[in-house]
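Architecture at a glance
Listed here are the chains, written in short residue letters.
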Amino acid sequence: MKRRSLFGLVLVAFVFAMPGRLMAQPDIEPAEPYKVGTFAMGYEQFVGLVMRDDSTIVDLVEANKAMELMPQYSPVNMPDDMLGLIEGYEYGLKYRVYEIVNWMVEEGQLSGSDRPSYVHQVDDVDIRAPIQYPSKIMNAAVNFYTHACEGCTEEELAERTRQRQENRGVPYLFLKPTRGAIIGDGDDVIMPYGRDEIEYEVEMAIVFGRSGKYVSAARAYDHVFGYMVAMDISDRGGRPPGGFSSGLDWFVGKGHDTFAPHGPWIVPKEFYGDPMERLHQITVVDGVTVQEAHAGDMIHNIPELIEYASSLITIFPGDVLQSGTSGGTGSGRVERATGSGYLIDGETISATIQGIGTLTHRVVREQSVPDDLSGSQLPPTSSYRD
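Cut-offs applied
- Residues numbered from 1 in each chain as written.
- Predicted model: local features only at pLDDT ≥ 70, side-chain atom pairs only at ≥ 80, totals over all residues.
- Heavy atoms only, no water.
- Core = buried A, V, L, I, M, F, W, Y, C linked by side-chain atoms within 4.5 Å.
- Buried < 20%, exposed > 50% of the residue type's maximum accessible area, 1.4 Å probe, protein only.
- Helix = DSSP H or I, 4+ residues; strand = E, 2+ residues; numbered from the N terminus.
- Contact = heavy atoms within 4.5 Å.
- Salt bridge = Lys/Arg side-chain N within 4 Å of Asp/Glu carboxyl O.

Tyr34, Leu49, Val58, Leu85, Met104, Ile131 and Ile266 are the most contacted members of the largest nonpolar core, which totals 44 residues. Going through the elements one at a time, strand E2 (44-51), helix H2 (60-68), helix H3 (82-106), strand E11 (202-208), strand E12 (224-231) and strand E14 (260-268) are the ones with two or more residues in this core. Among all residues touching Met104, those that are not within four sequence positions of it are Val58, Ala63, Gln109, Leu110, Tyr118 and Val119. Formed by 41 residues, the second largest nonpolar core is a distinct cluster that contains Ala140, Ile183, Ile198 and Tyr200.

So, on to the pattern of salt bridges. Following the criterion strictly, the structure yields 19 salt bridges and no others. A salt bridge links Lys254 to Glu201, with the nearest nitrogen and oxygen atoms 3.5 Å apart. Taken together, the positions of Lys254 in helix H5 (residues 250-254) and Glu201 in the loop between strand E10 (198-199) and E11 put the pair 53 residues apart, joining distant regions of the chain. This pair shows no difference in class: Lys254 is buried, exactly as Glu201 is. One continuous salt-bridge network, built from bridges that share partners, spans Lys176, Glu199, Glu201, Asp232, Arg236 and Lys254.

Looking now at unusual backbone geometry. With an omega of 5°, the peptide bond between Gln132 and Tyr133 qualifies as cis. Among the secondary structure elements, Tyr133 is positioned in the loop between strand E5 (126-128) and strand E6 (137-140). Cis geometry is adopted by the peptide bond preceding Pro264, which originates at Gly263 and carries an omega value of -10°. Looking at the secondary structure, you find Pro264 in strand E14. We note that Asp53 has phi near 55°; this positive angle belongs to a residue other than glycine. Structurally, Asp53 is set in the loop between E2 and strand E3 (56-59). Residue Asp53 is classed as exposed on the basis of its relative accessible area, which comes to 80%. One non-glycine residue with positive phi stands out, namely Tyr214, at about 55°. Topologically, Tyr214 is positioned in the loop between E11 and E12.

Shown next, in the form of structure tokens:
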């Protein structure tokens, strides 16, 4: 009997589950650009469109229901979660979203005092992490020349960059947890108990919209849904001495709860353009700019990262690939009014990517751990370092 791949069966099942009208690609463009995000009001969570310079949030499911009351619009099932929207977007759902946007603009629903109940001010909603939750977060390590030479003089950076350009090798990727690690805009970043060498890293997050294996750099953007802001919070305290050790402990360094801020929303790729031409990312801690970089500082560009990642593991809709951070961390970190290069309790971190948005988080130190632990837990950094 001929065997069919899992991915083929999933795709066939998905296509036949979608209304036939969505498989066509009508000649339609949105009247206005939008972003997409996950929001909550009261105890209800919903997927929303972000419009009008990020000031207006539209409940997508409710807007679709309202539009379906008009006889000229056919019924279409609108997913009520971000993963569902991403999975169906390139299979026709984006044209339904375009219809909703155009209908609302034509009807004047996005402005004025008599806006419908499914249109909200951004200040009236709780901004959640956009994707709850991707199957994996893939992070590029040391992928900016300035980050590969933290604390270097201009001459040292130029020479190190020249050497690296001549011998780039392949990217280095590591996996980060999703549920537990991922938080949304405004949520606290928790410094684990006794861990006092915590750092910030602003990164662009690429959100995949199509599955793929061995995706070439030339076809990479075909598999992208959009882009969001991310932070790779890092614990530089390392593991205590003794026992098994084979070098850096990436689980300790990257795996704590709240160490993967995502959001505040996703810009679909058709409204952002080529990130290798326009990426501009900035980190500010308590008013001090500590990181700023453009795409030209990247060692491996985004299509190359996608090709490398998909050569190891299949990428799925909603999966996230983070493209790395720039100088301003590690030995190159900027001292602030606190006198510390590391984050401390009470500070505020803001990570911005122009054209996408800003993530803002307060740093909160965990005050204690349960008193019945056996001693097998990760100990405070001060217990094994001067």
